[in-house]
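Listed below are the residues making up each chain.
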Amino acid sequence: MSDLLNSLSVSASGMDAQARRLRHTAENIANADTPGYRRKTIDFQTEAGGGVRPGPMRLDPAPFTKIHDPGHPLADALGQYDGSNVEMITEIADAREAQRSYDANLKIFDQSRQMTQSLFELLRR
């Protein structure tokens, strides 16, 4: 019984972590065209019971892309300004990975819940 409850906890922590990762990925995609925007990243830390928790949000130190647009209000003397450091391909791949991990954790959570519910029904008899 303890293993089933532990699996519920572990899969719930995985869903929470992946949901945060998806949130940061969505923010990155939404701000891909914002000048000076730094990509947000998040790492996961393992917990004692086997679960994970999202670590602190960090800003990607990768350099900004230089955009040539002499008419832009942020353009320097060379007609360039700093864009964001968001790569759409990376963000789409991260979003897919996070979504699939979330879905896998959800299936494990649901199966553990069903097994726990069946076990309780057997114990009531």
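None of the values given here were measured: they were computed from a predicted structure.

Right, let's get into the packing of helix α1 (residues 2-30) against helix α2 (residues 88-124). Each pair of packed helices can be described by the angle between their axes along with the distance between the axes. With their axes 8 Å apart at the nearest point, α1 and α2 run at an angle of 155 degrees to one another. For the element pair α1 / α2, the angle class is roughly antiparallel. Crossing angle aside, the handedness with which α1 passes α2 is left-handed. In terms of residue class, the contact of α1 with α2 is built from 17 nonpolar, 11 polar and five charged.

So, on to the UniProt feature "domain: Flagellar basal-body/hook protein C-terminal" (unreviewed entry) in the chain. What UniProt calls "domain: Flagellar basal-body/hook protein C-terminal" (unreviewed entry) maps, in this numbering, to residues 83-120. The straight-line gap between the two end C-alpha atoms of residues 83-120 is 57 Å; of that span, 87% is helix and 0% is strand.

The end-to-end C-alpha distance of α2 is 53 Å, a good match for the 54 Å that 37 residues give at a rise of 1.5 Å each. Every buried residue belonging to α2 is among E91, D94, A95, A98, N105, S112 and T116, and all of these are buried. Buried-residue contacts for α2 involve α1.

For the rest of this paragraph, the subject is the UniProt feature "domain: Flagellar basal body rod protein N-terminal" (unreviewed entry) in the chain. The UniProt feature table records "domain: Flagellar basal body rod protein N-terminal" (unreviewed entry) at residues 9-38. As annotated, residues 9-38 comprises 73% helix and 0% strand, and the C-alpha atoms at either end are separated by 33 Å.

Another point: the pairing of strand β1 (residues 40-46). Note on strand geometry: in a regular strand, side chains alternate between the two faces of the sheet. Strand direction decides the pairing type here: β1 and strand β2 (residues 52-59), joined by six bridges, are antiparallel. Directly across from K40, in β2, lies its bridge partner L59. Hairpin geometry of β1 and β2 is characterised by an intervening segment of five residues between the two adjacent antiparallel strands and by a positive phi of about 105 degrees at G50.

Before going further, it helps to spend a moment on the side chain of R39. Mapped onto the elements of the fold, R39 is located in the loop between α1 and β1. When residues no more than four places from it in sequence are discounted, the contact partners of R39 are N28, R58, L59, D60, N85, V86, T90, E91 and D94.

In this structure the tally under the stated criterion is nine salt bridges. The salt bridge partner of R39 is D60, with a shortest N-O separation of 3.6 Å. Taken as a pair, R39 in the loop between α1 and β1 and D60 in the loop between β2 and β3 (66-68) lie far apart in primary sequence, 21 residues in all. This pair shows no difference in class: R39 is buried, exactly as D60 is. When the shortest N-O distance is used, the salt bridge between D43 and R58 registers 1.8 Å. Separated by 15 residues along the polypeptide, D43 in strand β1 and R58 in strand β2 bring together distant segments of the chain. For D43, a relative accessible area of 40% gives the class partly exposed. Among the residues examined, R58 registers a relative accessible area of 43% and is labelled partly exposed. Taken together, the shared-partner salt bridges in this structure form one network comprising R21, R39, D60, E91, D94 and E97.

The rules we used
- Residues numbered from 1 in each chain as written.
- Predicted model: local features only at pLDDT ≥ 70, side-chain atom pairs only at ≥ 80, totals over all residues.
- Heavy atoms only, no water.
- Axes fitted to C-alpha atoms, helices over the stretch in contact; angles between N-to-C directions.
- Helix = DSSP H or I, 4+ residues; strand = E, 2+ residues; numbered from the N terminus.
- Parallel < 35°, antiparallel > 145°, perpendicular 65-115°, else oblique.
- Left-handed = near helix turned anticlockwise from the far one by under 90°.
- Nonpolar A, V, L, I, M, F, W, Y, C, P; charged D, E, K, R; others polar.
- UniProt positions renumbered as here; feature names shortened; annotations may be inferred.
- Expected span 1.5 Å × (residues − 1).
- Buried < 20%, exposed > 50% of the residue type's maximum accessible area, 1.4 Å probe, protein only.
- Contact = heavy atoms within 4.5 Å.
- Pairing = 2+ DSSP bridges.
- Salt bridge = Lys/Arg side-chain N within 4 Å of Asp/Glu carboxyl O.

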